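Now for the letters of each chain:
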Amino acid sequence: MFFNKNIKEIYKELNTSEDGLTLKQAESLYVEVGPNEIVEGKKKSKIVKFLSQFNDMMIIILIIVAILMLIYGLLYSHDYTDSIVIAVVVLINAIMGFIQEEKAEVTLEGLKKYVSSTCKVKRNGKVEVIDTKLLVPGDYIILEAGEKVPADARIVSLSNLLVDESPLTGESNPVSKRSEKVAGTKLQIQDQYNMLFSGTNITNGRVEAIVTSTGMYTELGKIAVSLNTPYEIKTPLELRIEEISKKLTFLVFLILIFIFIYSFIQKYEVMEIIMLCASLAVAVIPEGLPAVITISLSNGAGALAKKKTIVRQMTAVETLGSTDVICSDKTGTITQNKMNVQKNVVLNQDWLDYVKILCNDAMYSKGSFVGDPTETCMLEELGYKKVSTVANDCPRIMDIPFDSDRKMMSTVNVINGKTYLLVKGSLDSLMKKCSYMYKDNKKVKLTKEMQRIINEEEAHMAENALRVISFAYKELKGVPKKNTDLIKEEENLILVGLTGMIDPPRVGVKESVALAQKAGVRTIMITGDSLITAGAIAKRVGIVDSRDECLLGSKLDEYTDEELIDIVNKYSVYARVSPIHKERIVKALQAQGKVVAMTGDGVNDAPAIKDAHVGIGMGITGTEVTKNVADIILLDDSFSTIVTAIEEGRRIFANIRNNVIYSLSSNFGELFTILIAMFTGTTILLPIHILFIDLVTDSIPSICLSFEPSEKGIMDKPPRGLDKPMFTPFAIANITTSAIVETVAVCLTFFLVLKNYNTEIAMSCALLTLVMQEIIYAITCRNLKQFVFKQGFFSNKQFNIGILIILIIEGIFFLTPLRQFIGVVSVSIPLMLLIIVANLVVFFIYELLKPVLIGLFED
């Protein structure tokens, strides 16, 4: 800590002086501490990432099955179709997983942009320009307006200094600095007024400072360390896919054990056992499901793109739908990131306007006012026409910029041929300089009673989080020769008014917070701004009801990580926070089992965004660092868009859940059919039939189900969170009943046809029945809790087109010579039509089962 020490103490501690380090000292320290640069951690190689995609038991089982079928083809059948198809499916899934992992990788290239390339440094008493990589603690640096701060440093001297610390604090307003030591032991970056931080920008003035930390030891470096540190937390979708994988793998092993025992008793040959096991493994495992889920997420990403949201990490689409808590930055997300005048206390309108316009450094460029937000908003209030007229008619002769000691800005202007001193600043500072004020547009003595009334007005404005600026003037007898003479003239001023301004909430944010609350999603504001401002804005938009729900970031240091898990339930606004505080809040919420979304735009937000289940970056104000670690990016930076994205995420989850039920009901129908065939000593379905169903017949309806619109009242339900499994009693009941209906239909068709035809025709008819069952159940799965006619037969255009396409594909395979590729023989048209019509009856069975299952089983 250097902020609480005077300059002499720092010189002594760092073994330096006002002449800087000697060249020998600098070289020695460079060897000791290393270069002043951001260092990126080691990453997994692309080969390791790709191979890790095969680290899943379902994939491993499929690979084993493919190898067994290849061996069987080499030794017996000389048919390699099954093994090739499985290998291609496994490879496609691995490639898609690899691409997603590559996109999610964190890089520090964006962070490195905040480090300048050269700077002025004093060594051996001489000023020279060096590469910033060569800076070491103890170096004496000199910086001016427009330059980046190359390292953390303690200010020695300054002149009219303003620093943009938004990369580290998230607050856009430049802050003034001072050189005196600051009392305290644990202060946030925002409160260390005598320090400069690497990556921030000098926007005004000049400063000389002593480097205290370099490279990865700076505040910017600490963020880099956090980004380099692996912190992998699984998304709800990953957990649910893992749940499916574990349960299906367990089921496969149970079935294999049963098959071996049964086959041993029945005295099957080894190759018969192997092929039977392979068929069952293929039947149980939904080979096409990973691809279908990816396509569903891609569809969601496309829908979100139309709603001003870019998705970088696919799984974030579904995770949004499971979100329990949104941790949001204030500036630019909840608020407009633009100061607006909210209230004026006018003592004399003409003179108030004069001081606002003339004692102001903002400029008009390309259709808008540019400069300090506090100054531009005052000019925007008055309008370009009036501002330009007054500014042109009343030239400025001299000025004294705002500084943190005086807390005032003064200018001398010629107005109507006379010379006037115009002053603006904090009421506390300006009131001491005022002897008069206007009352009823008349100049009167500023009495103590009037001071009390004005102070009360200012206090009321401050309570509502308004930034209050006061204005005064007086006529001069002549033009001061220098600034010191002008400062002496800052006495007996006439107070003309006060202005209160604020960065107001965005339009629609209050309604979005209410919608989120209705959906069971809690909103937490985490900001670098003051507690009063943060609390007032949060109250306006409905995040909190009182200031008792707001906490300073420095208070978080008083709690351990375990204690913080309870603390985060009590507060919904955290002000003056550091990057570490944001991380701790996110992790404390996650420790409760909450799904956390974190928004932000500054470098300071990046670690927490990386650690959240869903990291949300800002497209307009967001830094490259933040965008790089974010899962999704808001193109309009609006909180309201997050809530819209949550609704889309819930739609995607509902469709994925319906897809899983659809896929597994098909797989279990196939499994039951194969088991019945085994017990009856027949062959109803071939492995190629199962692959054809899973990869062709099921895939197109599955993809089209992802386009299904949202269910009514989807935002009236609480989030699913992490603890609710994919396989609820309702889901299991749907899978079981549909699989049984499907199995009965297929087996009934096979044995009835077998009475009058040969085995090949019976098998082909069984496959046709299975195809029809899949198409019919896909229609039912559009909404598992509502009759399809209520959902609307034509409400999903893509689904109807998909069904038409799959009917054409099935017709081609069953009616042309291509049938030989899927192990089907020619079946007469009358028989095919009879099977199709008979299967249509099953649609009504599925529909009538819906109210029964809803009434019996919990979802």
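All values derive from a computational prediction rather than experimental measurement. (Residues numbered from 1 in each chain as written. Predicted model: local features only at pLDDT ≥ 70, side-chain atom pairs only at ≥ 80, totals over all residues. Heavy atoms only, no water.)

**Q** Just checking my understanding: could you explain the packing of aromatic side chains for this structure?
**A** The description of an aromatic ring pair rests on the distance of the ring centres and on the angle between the ring planes. One pass over the full model with this rule turns up 18 aromatic pairs. The interplanar angle of 50 degrees and the centroid separation of 4.8 Å between the aromatic rings of Tyr777 and Tyr846 together place this pair among those described as tilted. In this pair, Tyr777 sits in helix 30 (residues 759-780) while Tyr846 sits in helix 33 (residues 829-856), placing the two residues 69 residues apart along the sequence. Comparing Tyr777 with Tyr846, the two get one shared label, buried. (Phe/Tyr/Trp six-rings, centres within 6.5 Å; stacked < 30°, edge-to-face > 60°. Helix = DSSP H or I, 4+ residues; strand = E, 2+ residues; numbered from the N terminus. Buried < 20%, exposed > 50% of the residue type's maximum accessible area, 1.4 Å probe, protein only.)

**Q** Please clarify how the sheet that holds strand 24 (residues 614-618) should be interpreted in this entry.
**A** Within a sheet, adjacent strands bond to each other through the backbone by hydrogen bonds, running parallel or antiparallel. Ordered in space as 8-25-24-23-9-20-22-21, the 8 strands form an open sheet in which the pairing is mixed. Both edges of this open sheet fall to strand 8 (309-311) and strand 21 (550-552), since each of them pairs with a single strand only. The sheet shows a mean angle of 20 degrees between the axes of neighbouring strands, taken without regard to direction. Here strand 24 pairs with strand 25 (residues 632-634) via 3 bridges, running parallel. Each residue of the ladder has a partner; that of Gly617, found in strand 25, is Ile633. Of the strands in this sheet, strand 20 (522-526), strand 21 and strand 22 (573-575) are in contact with helix 20 (residues 531-541), which crosses strand 22 at around 155 degrees. (Pairing = 2+ DSSP bridges. Axes fitted to C-alpha atoms, helices over the stretch in contact; angles between N-to-C directions. Contact = heavy atoms within 4.5 Å.)

**Q** I keep staring at the packing of helix 29 (residues 729-754) against helix 30 and nothing clicks. Help me out?
**A** The description of two helices packed together rests on the angle between their axes and the distance between the axes. For the pair helix 29 and helix 30, interaxial distance at closest approach is 8 Å and the crossing angle is 150 degrees. Compared by their axis directions, helix 29 and helix 30 come out roughly antiparallel. Two packed elements cross with a definite hand, and for helix 29 against helix 30 that hand is right-handed. Residues Asn734, Ser738, Val741, Glu742, Ala745, Val746, Thr749, Phe750, Val753 and Leu754 of helix 29 form the contact with helix 30, whose participating residues are Thr759, Ile761, Ala762, Met763, Cys765, Ala766, Thr769, Leu770, Gln773, Glu774 and Tyr777. Each residue belonging to the contact of helix 29 with helix 30 can be placed in one class, and the counts come to 13 nonpolar, 6 polar and 2 charged. (Parallel < 35°, antiparallel > 145°, perpendicular 65-115°, else oblique. Left-handed = near helix turned anticlockwise from the far one by under 90°. Nonpolar A, V, L, I, M, F, W, Y, C, P; charged D, E, K, R; others polar.)

**Q** Just checking my understanding: could you explain the packing of helix 30 against helix 32 (residues 797-815) for this structure?
**A** At a minimum axis distance of 11 Å, the contact between helix 30 and helix 32 shows a crossing angle of 175 degrees. Considering the angle they form, helix 30 stands roughly antiparallel to helix 32. Counting all contacts with helix 30, which are made through Ser764, Leu767, Leu768, Val771, Ile775, Ala778 and Ile779, the residues of helix 32 involved are Phe799, Ile803, Ile806, Leu807, Glu810 and Phe814. Here the residues of the contact of helix 30 with helix 32 sort into 11 nonpolar, 1 polar and 1 charged.

**Q** Can you walk me through the pattern of salt bridges in this structure?
**A** Any two side chains of opposite charge can pair if their charged atoms end up close together. Following the criterion strictly, the structure yields 30 salt bridges and no others. Of the charged contacts, one joins Lys474 and Glu489 as a salt bridge, the two residues approaching to 3.2 Å between their closest N and O atoms. Of this pair, Lys474 sits in strand 18 (residues 467-475) while Glu489 sits in the loop between helix 18 (483-488) and strand 19 (493-502); the two residues are 15 residues apart in sequence, bridging distant segments of the chain. A salt bridge links Lys587 to Asp611; the shortest N-O distance between them is 3.8 Å. Of this pair, Lys587 sits in helix 23 (residues 579-591) while Asp611 sits in helix 24 (residues 606-611), and the two are 24 residues apart along the sequence. For Lys587, a relative accessible area of 32% puts it in the partly exposed group. Look at the salt bridges and you will find they share partners, linking Lys120, Glu144, Arg206 and Glu208 into a network. (Salt bridge = Lys/Arg side-chain N within 4 Å of Asp/Glu carboxyl O.)

**Q** Explain the side chain of Ser738 here, please?
**A** Structurally, Ser738 is set in helix 29. A relative accessible area of 2% means that Ser738 is categorised as buried. Within the local environment of Ser738, its side chain forms a polar contact with the backbone oxygen of Asn734, the two atoms lying 2.7 Å apart. Apart from residues lying up to four places away in sequence, Ser738 is in contact with Ser665, Tyr777 and Tyr846. (Polar contact = N/O pair within 3.5 Å; in protein donor to acceptor, adjacent residues only side chain to side chain.)

**Q** For this particular structure, what's the right way to read the nonpolar core?
**A** Nonpolar side chains in soluble globular proteins tend to end up buried together. Core analysis: the largest hydrophobic core is formed by 187 residues, its most contacted members being Leu422, Tyr473, Ile543 and Ile616. Those residues in contact with Leu422, other than ones at most four positions away along the chain, are Trp351, Tyr354, Val355, Leu358, Cys359, Met409, Ser410, Thr411, Asn413, Ile415, Ala472 and Tyr473. The next biggest cluster of nonpolar side chains, apart from the first, holds 46 residues, and it includes Phe2, Ala224, Leu556 and Val603. (Core = buried A, V, L, I, M, F, W, Y, C linked by side-chain atoms within 4.5 Å.)

**Q** Is there a simple way to explain a nonpolar patch on the surface in this structure?
**A** Side chains of Ile63, Ile67, Leu70, Ile71, Leu74 and Leu75 sit close together on the surface and give an oily, nonpolar patch of about 510 Å² of accessible area. For Leu70, the location among the structural elements is in helix 4 (residues 57-77). Judged by relative accessible area, Leu70 falls into the partly exposed class, the value being 38%. (Patch = residues over 30% accessible without salt bridge, like charges linked within 9 Å, V, L, I, M, F, W, Y side chains within 5 Å. Areas by Shrake-Rupley, 256 points an atom, 1.4 Å probe, with all protein chains shown as cover.)

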